[in-house]
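Coordinate inspection notes
So the chains spell out like this:
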Amino acid sequence: MVHETPVLSVAGLTRIHGRGCADCVRLTGDAAGRNVCPSCGSVVAVADISFDLWPGEILGVMGESGSGKSSVVKLLHLDDRASAGSAWFREGDGRRHDLVAVDEAEARRLRDTRFGMVFQNPHLGLNFGVSAGGNIAERLLCGGERRFQTIRETALGLLDRTEVPRARIDHQPGQFSGGMQQRLQIARALAPKPELLFLDEVTTGLDLSVQARILDLILEIQRELGVAMIVVTHDLGVVRLLAGRTIVLRHGRVVEAGLTDQILEDPQHPYTQQLVMSAL
Amino acid sequence: MSPASSLQRPASSCDRFGFLDDFAVREMRRGMLKALAIPGYQVPYASREMPIARGFGTGGMQLTLALAVPQDRLKVIDQGADDSVNAVNLRRFITASCPGLATTTRTAEATLIQTRHRVPERQLAPGQMMIYQVPYPDPLQIVEPSEAKRRRCHAHGDYARLWVKLYEDVVRFREVSISNRYPARVAGRYIIDPSPIPRWDLPKLHCSPVAHLFGAGREKKLYAVPPFTEVVPLAFDDIPFAVEGFRATDCSRHACATCGATDTFLDEIPQVGAPPRWLCNDQDRCAERQGYPDGA
Ligand SMILES: Nc1ncnc2c1ncn2[C@@H]1O[C@H](COP(=O)(O)OP(=O)(O)O)[C@@H](O)[C@H]1O
Ligand SMILES: [Mg+2]
Ligand SMILES: [Zn+2]
């Protein structure tokens, strides 16, 4: 039997905006019912977040607006830096990095070559000043690819893979529909063959049929590429479809964690119970 | 006299030579030493007010004034011409503030060559130094408006968006369309804007025996390509960098109508009712090839 180790091992991950005080964590969270420290006014965006992500797994991160979902992803994607905790990432070659402590050069390398990120807002994930192909090319160029033909062919392959018509390769993303912009974001994110993919509310605000197509695409990518993913959503339907396991956040804390099916069938936390009830 | 000895000019010899006060001279020289020590890195410096409007070569001129010693022989060109209004004005100002400084139009005889838009065609030799007037020192300016962000990009060697610009160019025009200010990597590290010289001149910077000093007065930046340093134009592996071809429709190479050269950068001169004439842009090179008929 293969002894697997997690791709990502997160423990005690905490991000406090503001100067912080000794009581920030104690006075916020689920039990306190808030994420602003009453003593010093700092925002405890997330605290004490712990979970493992296994190879090829899709982990759901669920919670209402402001619960800290995007904060978790930003910390792991190294767009923001944690106040405390650790997040050990195991690279394909076996090297391990604590994402909380890596230096800026290493952070850049990991973002450019090992991670992929897809945002709800395509303006965050795409460069609207360059063509669709240019958006994909940028990621390949970041990874050191210098052959124009290879870049071109890889970009076309990724457009095929994400069902963006090849003929659109030289068009600006501003001319694309919302669904196609998201698929282009996914193509761009996948360009360097990442080992870890973050998807933050990628279907929010899209028509149901467009959503369904993107969710199918994400499942196909998981099956084909085996890339581990963290899928952030406030939508029960999305975690039900995509995520084998889910963590539920509230006021910046994990209030429930486990197999998605179990959480949906037998929620333990009153908040999750209420969520599941209202979705029925 | 070598560039090194020029940089070692004792401060006491500066009295009333070179317009700049000793403090400004030392500041420029410190900046230049740093620029030479970190090839391609843009060194900020305190650009002085000059009796010429910024943007008319004040950066290059300050470098010349800080470097020139009475033993130097100065050549000033604008495009390939020594006699254009700009070149004449700059030369006049420099010689007026550096009494005794000799000037020349002959590349072979010059020790300091201040230039805008061209590198002389003649192979440069140790003992000479190139000084460039630079309007825009930062190659990232076309892709990133914020200077703070550009500095970070340089620090991290993050030139991906410049490469994307090249990609988009090749997609749109089937080739890289940048005709001058072609970005190049220096000593395998920093990417520079080589000032508005044509592509034709870029290979002359590669492993050149002389120091190339760049001054941007308005932007208050200095940078340098030291002698014998790699200068590699940004290009895809499968689409090599190419200089201007000056090819006729039958693919033959245009020649200079005056000196017959087929290995120089040519200007196309439209003619009324006749095909255009092609002439060397570098006037000194053209005259030299003819054996200096006017005795210039
Ligand atoms: N840069 C910041 N400064 C202050 N507060 C922030 C910052 N970023 C996020 N927050 C706060 O952290 C909490 C969690 O935000 P976020 O992670 O974006 O939530 P979600 O993605 O679940 O909607 C919110 O209360 C938000 O206002
Ligand atoms: Mg969010
Ligand atoms: Zn506090």
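Thresholds, definitions, all that
- Residues numbered from 1 in each chain as written.
- Chains lettered and ligands numbered in written order.
- Predicted model: local features only at pLDDT ≥ 70, side-chain atom pairs only at ≥ 80, totals over all residues.
- Heavy atoms only, no water.
- Contact = heavy atoms within 4.5 Å.
- Buried area = accessible area lost by both parts, 1.4 Å probe.
- Salt bridge = Lys/Arg side-chain N within 4 Å of Asp/Glu carboxyl O.
- Polar contact = N/O pair within 3.5 Å; in protein donor to acceptor, adjacent residues only side chain to side chain.
- Helix = DSSP H or I, 4+ residues; strand = E, 2+ residues; numbered from the N terminus.
- Nonpolar A, V, L, I, M, F, W, Y, C, P; charged D, E, K, R; others polar.
- Near = heavy atom within 4 Å.
- Domains from an automatic or database assignment.
- Axes fitted to C-alpha atoms, helices over the stretch in contact; angles between N-to-C directions.
- Parallel < 35°, antiparallel > 145°, perpendicular 65-115°, else oblique.
- Left-handed = near helix turned anticlockwise from the far one by under 90°.
- Phe/Tyr/Trp six-rings, centres within 6.5 Å; stacked < 30°, edge-to-face > 60°.
- Buried < 20%, exposed > 50% of the residue type's maximum accessible area, 1.4 Å probe, protein only.

The next point concerns the interface of chain B and chain A. Taken together, the contact pairs 16 residues of chain B with 18 residues of chain A. For the pair chain B and chain A, the two sides together bury roughly 1,600 Å², of which 65% comes from carbon and sulfur. Taken as a group, His-156, Val-164 and Tyr-167 of chain B account for 34% of the area that chain B buries against chain A, more than any other trio of residues on that side. For the pair chain B and chain A, the number of links is two salt bridges. Salt-bridge contacts for Arg-108 of chain A lead to Asp-158 of chain B; the nearest nitrogen and oxygen are separated by 3.2 Å. For the pair chain B and chain A, the number of links is six residue pairs in polar contact (both at pLDDT 80 or more). Contributions of two or more residues to the side of chain B that touches chain A are made by α5 (147-156) and α6 (160-173) of chain B. In terms of residue class, the side of chain B that touches chain A is built from eight nonpolar, two polar and six charged.

All names here are of chain A. Near ligand 1 you find His-17, Asn-35, Val-43, Ala-45, Glu-64, Ser-65, Gly-66, Ser-67, Gly-68, Lys-69, Ser-70 and Ser-71, and these make up its full shell. Within the backbone of Gly-68, an N or O atom sits 3.0 Å from an oxygen atom of ligand 1. Measuring from an oxygen atom of ligand 1, one finds a side-chain N or O atom of Ser-71 at 2.5 Å. Breaking the shell around ligand 1 down by element, the ones donating at least two residues are β2 (43-53) and α1 (69-76). Looking at the shell around ligand 1, the element that brings in the most residues is α1, giving three residues. Tallied by class, residues from the shell around ligand 1 come to two nonpolar, eight polar and two charged.

Moving on, we get to the domain arrangement of chain B. Reports of interface size often rely on the accessible area that becomes lost once the parts have come together. All names here are of chain B. In terms of domains, chain B is made up of domain 1 (5-140 + 176-233) and domain 2 (246-296). Taken over C-alpha atoms, the centre of domain 1 sits 27 Å from the centre of domain 2. If you look at the interface, domain 1 gives 15 residues, while domain 2 gives 14 residues. Taking both sides of the interface into account, the surface hidden between domain 1 and domain 2 amounts to around 1,200 Å²; carbon and sulfur atoms contribute 45%.

Residues and elements named next belong to chain B. Helix α4 (residues 85-97) packs onto helix α3 (residues 58-67) with a crossing angle of 30° between their chain directions and a minimal axis gap of 11 Å. Here α3 lies roughly parallel to α4, going by the angle between them. In this structure, α3 crosses over α4, and the sense of that crossing is right-handed. Residues Met-61, Thr-64 and Leu-65 of α3 pack against Leu-90, Phe-93, Ile-94 and Ser-97 of α4.

A few words now on the packing of aromatic side chains. Counted according to the given criterion, the structure contains twelve aromatic pairs over all chains. Relative to Phe-241 of chain B, the ring of Tyr-182 of chain B lies with its centre 4.9 Å away and its plane at 70°, an arrangement referred to as edge-to-face. With Tyr-182 of chain B in the loop between α6 and β6 (184-186) and Phe-241 of chain B in the loop between β10 (231-233) and β11 (266-271), this residue pair connects regions lying 59 residues apart in the sequence. Given a relative accessible area of 21%, Phe-241 of chain B falls into the partly exposed group. In textbook terms, an aromatic cluster arises when at least three aromatic residues are bridged by ring pairs, as seen for Phe-148 of chain A together with Trp-163, Tyr-167 and Phe-236 of chain B.

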